[in-house]
Protein chains: 2
Amino acid sequence: MAYERVGVVVVAAGSSRRMGGLDKLWLPLDGQPLLGRTLTALLAIPEISQTVVALSADGLRRAEDLRSRAEPPWDRVGALVQGGAERADSVQAGLMALDECEFVLIHDGARPLVTPELVRAGLATAREHGAAIPAVPVTDTIKRVDARGFITATPDRAMLRAVQTPQVFRYDLLRHAYETAGRARALCTDDAMLLERLGYAVATFPGDPRNIKVSTPADLPLLKLYLREQEDVR
Amino acid sequence: MAYERVGVVVVAAGSSRRMGGLDKLWLPLDGQPLLGRTLTALLAIPEISQTVVALSADGLRRAEDLRSRAEPPWDRVGALVQGGAERADSVQAGLMALDECEFVLIHDGARPLVTPELVRAGLATAREHGAAIPAVPVTDTIKRVDARGFITATPDRAMLRAVQTPQVFRYDLLRHAYETAGRARALCTDDAMLLERLGYAVATFPGDPRNIKVSTPADLPLLKLYLREQEDVR
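The structure presented is a predicted model; accordingly, all values stated were derived computationally and were not measured.

Calculation criteria
Residues numbered from 1 in each chain as written. Chains lettered and ligands numbered in written order. Predicted model: local features only at pLDDT ≥ 70, side-chain atom pairs only at ≥ 80, totals over all residues. Heavy atoms only, no water. Helix = DSSP H or I, 4+ residues; strand = E, 2+ residues; numbered from the N terminus. Rg over C-alpha atoms; globule rule 2.2 N^0.38 Å. Buried < 20%, exposed > 50% of the residue type's maximum accessible area, 1.4 Å probe, protein only. Contact = heavy atoms within 4.5 Å. Areas by Shrake-Rupley, 256 points an atom, 1.4 Å probe, with all protein chains shown as cover. Lys, Arg positive; Asp, Glu negative; His and termini not counted. Charge placed at Lys NZ, Arg CZ, Asp CG, Glu CD. pLDDT = per-residue confidence, 0-100. Least-squares fit on C-alpha atoms with pLDDT ≥ 70 in both. Phe/Tyr/Trp six-rings, centres within 6.5 Å; stacked < 30°, edge-to-face > 60°. Salt bridge = Lys/Arg side-chain N within 4 Å of Asp/Glu carboxyl O. Axes fitted to C-alpha atoms, helices over the stretch in contact; angles between N-to-C directions. Parallel < 35°, antiparallel > 145°, perpendicular 65-115°, else oblique. Left-handed = near helix turned anticlockwise from the far one by under 90°. Nonpolar A, V, L, I, M, F, W, Y, C, P; charged D, E, K, R; others polar.

1. Examining the overall build of chain A
Okay, step 1: For chain A, the helix and strand inventory stands at seven helices and twelve strands.
Okay, step 2: Taken over the C-alpha trace, chain A has a radius of gyration of 18 Å; the compact-globule value for 234 residues is 17 Å, and the two agree within 12%.
Okay, step 3: Along the longest, intermediate and shortest principal axes, the C-alpha atoms of chain A span 55 × 40 × 35 Å.
Okay, step 4: Expressed as a percentage of the 234 residues in chain A, the buried residues total 54%.
Okay, step 5: In chain A, of all internal contacts separated by at least 6 residues, the share reaching a separation of at least 24 is 73%.
Okay, step 6: Of the roughly 10400 Å² of accessible surface on chain A, a fraction of 50% belongs to carbon and sulfur atoms.
Okay, step 7: Measuring between centres, the 29 positive side-chain charges of chain A sit 4 Å from its 30 negative side-chain charges.

The structure is reproduced here in structure tokens:
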């Protein structure tokens, strides 16, 4: 197989609304902020040739300061860009800053447990299908509710998946999707959804149950536990 | 308010297929099996007047042995019954063994972190609406997939909830639902679904994110962490 260029856009411009005012991405974990942990994990994956991080205005200042002082892992990041109000705005800003490549990964800044194995599985599926997202079975019963909290439906759990990042795309496909999506972008909670709306087939590949996203303070004890176990293995 | 009789059916007849052969309900946690932990938590809630446990044939033998030796908490359980192949069969067996009461809670044997606050919130909602289930927001993006793993839809996450137990019902309502449901029972992954199919309104109340169910070995570290924290508070 020919040499493949793989870029990653790290989405790190969120407002951490569910963290009760804490900026989760800058929470220190053994001396390194959560976002730094995520970048360290990505930069250690040899398949990835370029890393771009989309940040809030405040986050951008902090990250630029760390990079100017040549602090690892910030010294090895390809570009730092300012994201937007919506997730899709941040992804687009990141895509614009990325050199042309064959595949692009979109990854949450708050998922530091990403592994080389997960990235390889995503690339293999994206080579075959163009768009590939990691998915894990849903263990809870999921209900659909109305605005008053009454149940309106119980979807068949066997057909549901909880999806994670990195979501992996052929670069030209995702660029095209962002260029043509227009305002529909704002309605999309992930990048796969943008392609789904344009009628593209999006495949899933097995995610990693440990690849959790820090959304609320209640996620931190589990994250720390998994990080410790990951370090024990290596 | 008049004195209210509240029964609980603990569903503990599962085959633990996702535990890789381990019977999760009998896993020792600080010297007490997981199921014993759940029973201890329920028996400490003053609103509950009777506790019935539906077990597998093997579990029933173990539980009867513990009760015959007056081991706590088994000595305080109202009835031990054999459950069935499907969850609904176990609930029905438990309902048959329960004395008539005003409200009945159906609770998973593998959820030892149930609290008095959760039971009280459930009873308050069930008094108003007849059927009440604890629900928490869904933090992951959920996708619907086809049999080949391609995405077919992204349901609006804001309208989805992950549901837990205890599910709380007016006793007569749940008895009626089980008596009339017939074979539709087997299609229901929880008790609320049985009522939904019969056209009853089922309300939700806020669940507790810590009230996790042990489904796979990966859940155990988090469970132990939460149990330790719960003990530290008490």
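Back to the text.
2. Section: the confidence of the model for chain A
Okay, step 1: Counting all residues, the mean pLDDT for chain A is 91, and 95% of those residues have values of 70 or more.
Okay, step 2: Two numbers describe this predicted complex: its pTM, 0.87, and its ipTM, 0.89.

3. A look at the relation of the copies chain B and chain A
Copy one and copy two of the chain differ by a rotation about a common axis and a shift along it.
Okay, step 1: If you rotate chain B by 180 degrees and push it 0.0 Å along the axis, it lands on chain A with an RMSD of 0.0 Å. Considering both components of the superposition, the chain copies are consistent with a two-fold axis. When each C-alpha of chain B is compared by its distance to the rotation axis, L222 of chain B comes out closest, at 3.1 Å.
Okay, step 2: Both copies present the same face, since 100% of the interface residues in chain B are matched by interface residues at the equivalent positions in chain A.

4. Some points on the packing of aromatic side chains
Where two aromatic rings form a pair, the distance of their centres and the angle of their planes describe that pair.
All names here are of chain A.
Okay, step 1: Per the stated rule, a full pass over the model turns up two aromatic pairs over all chains.
Okay, step 2: Ring centres of W26 and W74 lie 5.5 Å apart, and the angle between their planes is 10 degrees; this geometry places the pair in the stacked category. In this pair, W26 sits in the loop between β1 (6-12) and β2 (28-29) while W74 sits in the loop between α2 (57-68) and β5 (79-82), placing the two residues 48 residues apart along the sequence.
Okay, step 3: Taking relative accessible area as the criterion, W26 reaches 10% and is therefore assigned buried.

5. Some words on the pattern of salt bridges
Okay, step 1: Tallied over the full model, the rule gives 33 salt bridges over all chains.
Okay, step 2: As a salt-bridge pair, R37 of chain A and D30 of chain A come within 3.3 Å of each other at their nearest N and O atoms.
Okay, step 3: With a relative accessible area of 14%, R37 of chain A lands in the buried category.
Okay, step 4: With relative accessibility at 71%, the residue D30 of chain A sits in the exposed group.
Okay, step 5: For the salt bridge of R170 of chain A with D172 of chain A, the shortest nitrogen-to-oxygen distance reads 3.1 Å.
Okay, step 6: Taken together, the salt bridges that share partners define one network made up of R87, D108, R111, D191 and K213 of chain B.

6. Some points on the packing of helix α7 (residues 220-233) of chain A against helix α7 (residues 220-233) of chain B
Okay, step 1: Two elements in contact, α7 of chain A and α7 of chain B, have axes whose closest approach is 10 Å; the angle formed by their N-to-C orientations is 130 degrees. Of the possible angle classes, the one that applies to α7 of chain A and α7 of chain B is oblique. Crossing of α7 of chain A against α7 of chain B: the hand is right-handed. In this structure, α7 of chain A uses P221, L222, L225 and E229 of chain A to contact α7 of chain B, whose residues at the interface are P221, L222, L225 and E229 of chain B.
Okay, step 2: Here the contact of α7 of chain A with α7 of chain B is built from residues that sort into six nonpolar, no polar and two charged.

7. Examining the environment of L118 of chain B
Residues and elements named next belong to chain B.
Okay, step 1: Within the secondary structure, L118 is located in helix α4 (residues 116-129).
Okay, step 2: Along the backbone, L118 and P166 are 48 residues apart, and their C-alpha atoms lie at a distance of 8.0 Å.
Okay, step 3: Not counting chain neighbours up to four residues away, the residues in contact with L118 comprise P134, Q164, T165, P166, F205, P206, G207, D208 and N211.

8. Some details on helix α1 (residues 34-43) of chain A
Structurally, the α-helix is built with 3.6 residues per turn, so residues lying three or four positions apart point the same way.
All names here are of chain A.
Okay, step 1: Most of α1 sits inside the fold, with nine of its ten residues counted as buried.
Okay, step 2: Taken together, the buried positions of α1 are L34, L35, G36, R37, T38, L39, A41, L42 and L43.
Okay, step 3: The secondary structure elements touched by the buried residues of α1 are β1, β2, β3 (32-33), β4 (50-55), β6 (103-108) and α7.

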